[in-house]
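Below, each chain spelled out in residue letters.
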Amino acid sequence: MKVILVRHGETQNNIDKRSTGRLNIGLTENGITQAHETGKLLRNEVINKIYSSSLHRAIQTAEIIKWEIQYTWDIIVSELMKERDLWDQTNQPRSVRVDINQGTPQERQQRMNELKIESDESLDERTENFINNLREQPEETILLIGHRGRFKRMLSKVLKMDITEDSLSNGSITTIEL
């Protein structure tokens with residue numbers, strides 16, 4: 001099965017370098033342009049299904065790509081593809097998150113618990129459930145529209161791939177085989 005991962009187009013929080021988490025915001029004009037350009041790049045792909053995170057920025061990107069590739073079926077919206085829940089850290093400058101990622105895994109988890117941020121275990125469980133659901137699909141090409149944090153976690157922890165956040169820019173395309 002071929003899986004194409006597309007990160008949603010740019011949002012104002014991307015520009016402002018703020019942690020978006022599950023904040024339900026739309027795309028900037030540039031983000032809309034990115035989604036159109038990404039869709040044009042995917043026109044030669046035979047897409048059998050499109051899945052999107054349930055957050056507005058991902059759905060908006062998916063709808064634009066759907067139009068660009070002339071996909072006629074409904075987009076499948078999945079709660080399992082939502083970004084990590086950041087609770088009180090939502091809409092905060094990304095510099096706040098630097099402290100979360102420092103120290104031992106136990107210190108990281110303790111800090112995440114204090115800040116009510118969704119745990120790595122919860123995120124991994126959602127990711128594994130989603131991937132297991134995909135693996136039950138017939139051999140086909142699936143397009144996933146989602147978020148940098150989710151895709152990075154999916155690629156690094158579940159699929160054991162080494163990836164940097166820089167390679168998952170807004171509107172980026174990553175293709176994998178499952």
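Scroll up a little and you will see the structure.
Grouped burial of nonpolar side chains is what soluble globular proteins tend to show. L5, Y51, F130, L134, L144, F151 and M154 are the most contacted members of the largest nonpolar core, which totals 16 residues. Looking at this core, the elements that each hand over two or more residues are strand 1 (2-7), helix 6 (120-135), strand 4 (141-146) and helix 7 (148-158). Beyond its immediate stretch of four places on either side in the chain, Y51 contacts I76, M81, F130, L134, Q137, I142, L143, L144 and I145. Residues L42, A62, Y71 and I75 belong to the second largest nonpolar core, which totals 13 residues.

For the rest of this paragraph, the subject is the pattern of salt bridges. If you walk through the whole model with that rule in mind, you get 11 salt bridges. Here E118 and R22 are joined by a salt bridge, their closest N and O atoms 3.5 Å apart. Of this pair, E118 sits in the loop between helix 5 (105-114) and helix 6 while R22 sits in the loop between helix 1 (12-16) and helix 2 (29-41); the two residues are 96 residues apart in sequence, bridging distant segments of the chain. Relative accessible area serves as the criterion here: at 27%, R22 is assigned to the partly exposed category. A salt bridge links D120 to R108; the nearest nitrogen and oxygen atoms lie 2.9 Å apart. Placement of the pair is D120 in helix 6 and R108 in helix 5, with a sequence separation of 12 residues. Here D120 falls in the buried class, since its relative accessible area comes to 12%.

This paragraph deals with the packing of helix 2 against helix 3 (residues 56-69). Put simply, helix 2 and helix 3 touch, their axes get as near as 8 Å, and they point 40° apart. When the interaxial angle is binned, helix 2 and helix 3 end up oblique. Between helix 2 and helix 3 lies a crossing of right-handed hand. Every residue of helix 3 that contacts helix 2 at I32, A35, H36, T38, G39 and K40 is listed here: Q60, T61, I64, I65, W67, E68 and I69.

In this fold, T28 is placed in the loop between helix 1 and helix 2. Contact partners of T28, with chain neighbours within four places excluded, come to E10, T11, Q12 and I15.

A few words on helix 3. Helical geometry: 3.6 residues make up each α-helical turn, so side chains three or four residues apart lie on a common side. The terminal C-alpha atoms of helix 3, which comprises 14 residues, lie 20 Å apart, in line with the 20 Å expected from a rise of 1.5 Å per residue. With respect to burial, helix 3 is a largely interior element, 10 of its 14 residues being buried. Of the positions making up helix 3, those classed as buried are R57, A58, Q60, T61, A62, I64, I65, K66, E68 and I69. Taken together, the buried residues of helix 3 touch strand 1, helix 2, strand 2 (49-53) and strand 4.

We now examine the pairing of strand 1. The two faces of the sheet receive side chains in turn, since in a regular strand these alternate between them. In terms of burial, strand 1 is largely enclosed, as five of its six residues are buried. The pairing of strand 1 with strand 4 spans six bridges and is parallel. Paired with I4 across the bridge in strand 4 is L143. As defined by bridge partners, strand 1 adjoins strand 5 (residues 173-177) across five bridges and the pair is classed as antiparallel. Bridge pairing links L5 to T174 in strand 5.

In this section: the pairing of strand 4. Among the six residues of strand 4, six are classified as buried, and the element is accordingly described as predominantly covered. The side-chain alternation of strand 4 yields two buried faces, one formed by T141, L143 and I145 and the other by I142, L144 and G146. The sheet contact formed by strand 2 and strand 4 spans four bridges and is parallel. Counterpart to K49 in the pairing with strand 4 is I142.

Rules used throughout
Residues numbered from 1 in each chain as written. Predicted model: local features only at pLDDT ≥ 70, side-chain atom pairs only at ≥ 80, totals over all residues. Heavy atoms only, no water. Core = buried A, V, L, I, M, F, W, Y, C linked by side-chain atoms within 4.5 Å. Buried < 20%, exposed > 50% of the residue type's maximum accessible area, 1.4 Å probe, protein only. Helix = DSSP H or I, 4+ residues; strand = E, 2+ residues; numbered from the N terminus. Contact = heavy atoms within 4.5 Å. Salt bridge = Lys/Arg side-chain N within 4 Å of Asp/Glu carboxyl O. Axes fitted to C-alpha atoms, helices over the stretch in contact; angles between N-to-C directions. Parallel < 35°, antiparallel > 145°, perpendicular 65-115°, else oblique. Left-handed = near helix turned anticlockwise from the far one by under 90°. Expected span 1.5 Å × (residues − 1). Pairing = 2+ DSSP bridges.

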